[in-house]
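# Observations on the model geometry
In case you want the letters, here they are:
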Amino acid sequence: MDETVWAIVVHGGAKTIQPDTAEAHRRGCAIAAEAGAEILRRGGSAIDAALRAVRILEDDPTFNAGQGSVKNAAGETEMDAAIMDGKTLAIGAVAAARRLANPIEAAAALLEAPAILLVGEGADRFGYNIGLRCIDPASLPASPVQSPGHDTVGCVAIDRAGHIAAATSTGGLEGTLPGRVGDAPLPGCGFYADDRIGGVSLSGEGEAIARCLLGSRVMRAMENEPADEAVTVIFEPMDRLAAEAGVIAIDAAGRIGIAHNSDHFALACASSACPGVISAIHQNELKVSEPDD
Ligand code: GLY
């Protein structure tokens, strides 16, 4: 691995973004990507960069994660999050957590634990016991400023040592049954990372993404194709299931890939080839650079 190469890409959900919130989506993604990029520029780890970026997106009520999480059919908030270290294949994930201010922090703490996924009360209790900030779910905004189809946030990063991390966080889909868990905390569905191949983070209709193991399909494609070509494998299965999804990916050479079939996909990225952050609400707004450009 060329130690000058680093890259980060974040997303704020595959959905329809109303014009009056477009700038908030661009700005929120840009702030998160810049915070992660700052870690990577000075030689920090991909895990730290992904954790920092997703934590910032969780704190921004523009996005359906953490503070901005939507309500389920019972009017409650249940959040899922996951992070994966492509160096060790360690995974940390939480699902249906109700009290964690930043579910991604609990997921990151699980990277060091034997368990890879804690759900519900167990996830909340784990976070509380290790000193993470907990909230009263009733104190979350009743109607976060959201766009229809609001969805997951995520990040993929590669650091100067060639290590790759992927992360996701979501409040799930609005109005679903209590206890429902989507793709975001499931490896090979909403995320995956392997230093030998690359990393992916997805957004969209969790049941459809899980049914066709969409994350693993992108990973398999990246074994033979650069990230920008591999991500296009999402279109056929999403067409078949009449579902919406978006994906961000970085391959082992540091190339970025982005694809979505939703109206919009809030994004921001930066890399050693293009160190300044660029953000967008549609993939066509971005010219993604090669690391050697
Ligand atoms: N993609 C997030 C969810 O379906 O829960």
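Above this text sits the structure in question.
Notes on the structure follow. (Residues numbered from 1 in each chain as written. Predicted model: local features only at pLDDT ≥ 70, side-chain atom pairs only at ≥ 80, totals over all residues. Heavy atoms only, no water.)

At their nearest, the axes of helix α1 (residues 19-41) and helix α2 (residues 46-58) sit 8 Å apart, and the two run at 160 degrees to each other. As the angle between them shows, α1 and α2 are arranged roughly antiparallel. Both α1 and α2 take part in a crossing whose hand is right-handed. Facing α1, whose interface residues are G28, C29, I31, A32, A35, G36, I39 and L40, α2 presents A46, D48, A49, R52, A53, I56 and L57. (Axes fitted to C-alpha atoms, helices over the stretch in contact; angles between N-to-C directions. Helix = DSSP H or I, 4+ residues; strand = E, 2+ residues; numbered from the N terminus. Parallel < 35°, antiparallel > 145°, perpendicular 65-115°, else oblique. Left-handed = near helix turned anticlockwise from the far one by under 90°. Contact = heavy atoms within 4.5 Å.)

Turning our attention to the pattern of salt bridges. In this structure the tally under the stated criterion is 10 salt bridges. Two residues, R55 and D59, come together in a salt bridge whose shortest N-O distance is 3.1 Å. Assessed through its relative accessible area of 25%, R55 is described here as partly exposed. With its nearest N and O atoms 3.7 Å apart, the salt bridge here joins R98 to E76. Placement of R98 in the loop between β3 (90-97) and α3 (103-109) and of E76 in the loop between α2 and β2 (79-85) is noted, with a sequence separation of 22 residues between them. (Salt bridge = Lys/Arg side-chain N within 4 Å of Asp/Glu carboxyl O. Buried < 20%, exposed > 50% of the residue type's maximum accessible area, 1.4 Å probe, protein only.)

A word on the site of the ligand. If you check the shell around the ligand, you find D151, T152, T170, G172, L173, R180, G182, D183, G204 and G206 and nothing else. Here a nitrogen atom of the ligand sits 3.0 Å away from a polar atom, N or O, in the side chain of T152. Contacts to the ligand include G206, whose backbone N or O atom sits 2.9 Å from an oxygen atom. Protein coverage of the free-state accessible area of the ligand, which is 200 Å², stands at 100%. Class assignment of the residues belonging to the shell around the ligand gives a composition of 1 nonpolar, 6 polar and 3 charged. (Near = heavy atom within 4 Å. Polar contact = N/O pair within 3.5 Å; in protein donor to acceptor, adjacent residues only side chain to side chain. Areas by Shrake-Rupley, 256 points an atom, 1.4 Å probe, with all protein chains shown as cover. Nonpolar A, V, L, I, M, F, W, Y, C, P; charged D, E, K, R; others polar.)

Further remarks concern the nonpolar core. Counting 46 residues, the largest nonpolar core has I8, V10, I83, I104 and C155 as its most contacted members. Excluding residues that lie within four positions of it along the chain, C155 makes contacts with I8, V9, V10, A50, A53, V54, A165, A166, A167, S201 and I248. (Core = buried A, V, L, I, M, F, W, Y, C linked by side-chain atoms within 4.5 Å.)

Further remarks concern the sheet that holds strand β11 (residues 264-271). Read from one edge to the other, the open sheet built from 8 strands follows the order β4-β3-β2-β6-β5-β1-β11-β12, with strand pairing classed as mixed. Each of the sheet's edge strands pairs with one partner strand only, and the pair in question is β4 (117-119) and β12 (274-280). Taking each pair of neighbouring strands and ignoring which way they run, the sheet shows an average axis angle of 5 degrees. In the sheet, β3 pairs with β4 via 3 bridges, with the strands oriented parallel. Bridge assignment links A95 to a residue of β4, and that residue is V119. This element, α1, spans β1 (7-15), β5 (153-158), β11 and β12 of the sheet and lies at about 155 degrees to β1. Of the strands in this sheet, β1, β2, β5 and β6 (164-170) touch α2, which is tilted by about 160 degrees from β5. (Pairing = 2+ DSSP bridges.)

Counting buried positions over the 7 residues of β2 gives 7, a clear majority of the element. As paired elements, β2 and β3 share 6 bridges and run antiparallel to each other. The partner of M84 across the bridge, within β3, is I91. Count of turn residues in the β2/β3 antiparallel hairpin: 4 residues, of which L89 carries a positive phi of about 65 degrees. Relative to β6, β2 is paired through 6 bridges, and the arrangement is antiparallel. When the bridges of β6 are listed, M84 appears paired with A166.

Now for the sheet that holds strand β10 (residues 256-260). Read from one edge to the other, the open sheet built from 4 strands follows the order β7-β8-β9-β10, with strand pairing classed as antiparallel. If you trace the sheet from one side to the other, it starts and ends with β7 (191-194) and β10, each paired once. Strand-to-strand twist in this sheet, taken as the mean axis angle between neighbours without regard to direction, amounts to 10 degrees. Across 7 bridges, strand β8 (residues 198-204) lies against strand β9 (residues 245-251) in antiparallel orientation. Across the sheet, the residue bridging to S201 is I248, located in β9. The strands touched by helix α6 (residues 214-222) within the sheet are β7, β8 and β9, with β8 carrying the most contacts at an inclination of about 145 degrees.

Phi is positive for A96, close to 50 degrees, though the residue is something other than glycine. Its place among the elements puts A96 in strand β3. The exposure class assigned to A96 is buried, which follows from its relative accessible area of 10%. Phi is positive for A242, which is not a glycine, with a value near 50 degrees.

Read these as spatial facts, not as claims about activity.
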